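Okay, here's what each chain looks like letter by letter:
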Amino acid sequence: CDGRTNMVPSFARAYIKETGMPVIAVHATKGATEIHHWLPGEPCNNMLVSKCVAAVKKAKGEYCVEHIYFVWLQGESDQLASRTKEVYKENLKIVAEGLKKDVNIEKFCIIRVSNFTNDHRGEEIITAQDEICLEDSFFLMLTKITTELQKMPEMMNPYVNGHFGAKGLEVIGEVAGTALGKFRMQSK
């Protein structure tokens, strides 16, 4: 993201405010990717696992690491590709299981994607994310706020249609960080 977004710092500030505990957030992203790019063995997944493993190793060398959560915000390109709900859910399970095995995450958290295509293709991915969180306790829905923010022009990027601007990303980060912080405090 070339440092132009505010979601990760906003997320971390909200999590710390909610828990009173420090957090290390590792940002790994690649735009215009479909979920199959993140499957184990694919280049995006290799980069993700490598980055996460290195971050956890470094953190454990300097701090007491109590929890490893993973936060997922993805799905716009799958909407454009007309990915079905069933295929998206199955691939999401594979991605999550790989991260559980390779990084030892204890929860796969989702920031529900917005309806990027504004039609049934978006609903397929949104429904897949909603359903997987209801069906499998390893998944945790942090927020569904993106669908509301998408309706607010001031939250959107004025130069890149369908994408959130810095203000929208800050709100998403804050809401998601607060939700994960609350989950953490309730799980004590």
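Quick caveat, the model's predicted, so the values are computed rather than measured.

K.L.:
It is not clear to me how the nonpolar core should be interpreted in this structure. Could you clarify?
P.N.:
Considering soluble globular proteins, one finds that nonpolar side chains tend to be buried as a cluster. With 29 residues, the main nonpolar core has W72, L92, L99, F108, I110 and F139 as its most contacted residues. For this core, the secondary structure elements donating two or more residues are α2 (43–62), β1 (69–72), α4 (85–103), β2 (107–111), α5 (120–135) and β3 (139–143). Examining the composition of this core, we find that 6 residues originate from one element, α4, more than from any other. Setting aside residues up to four positions removed in sequence, L92 forms contacts with I35, W72, F108, I110, I132 and F139. Grouped together as the second largest cluster of nonpolar side chains are 16 residues, F11, I111, L140 and M155 included.

K.L.:
Please clarify how the sheet that holds β2 should be interpreted in this entry.
P.N.:
In any sheet, the strands associate via hydrogen bonds between backbone groups, in a parallel or an antiparallel arrangement. Here 3 strands make up an open sheet; going across it, the order is β1-β2-β3 and the pairing parallel. Pairing within the sheet leaves two strands with one partner each, and these edge strands are β1 and β3. Strand after strand, the sheet turns through a mean of 30° between neighbouring axes, direction not considered. In this structure, β2 lies alongside β3, joined through 4 bridges in parallel fashion. Within the sheet, the bridge partner assigned to I110 lies in β3 and is M141. Lying on the sheet, α5 is in contact with β1, β2 and β3; it crosses β3 at an angle near 125°.

So, how was this worked out
- Residues numbered from 1 in each chain as written.
- Predicted model: local features only at pLDDT ≥ 70, side-chain atom pairs only at ≥ 80, totals over all residues.
- Heavy atoms only, no water.
- Core = buried A, V, L, I, M, F, W, Y, C linked by side-chain atoms within 4.5 Å.
- Buried < 20%, exposed > 50% of the residue type's maximum accessible area, 1.4 Å probe, protein only.
- Helix = DSSP H or I, 4+ residues; strand = E, 2+ residues; numbered from the N terminus.
- Contact = heavy atoms within 4.5 Å.
- Pairing = 2+ DSSP bridges.
- Axes fitted to C-alpha atoms, helices over the stretch in contact; angles between N-to-C directions.

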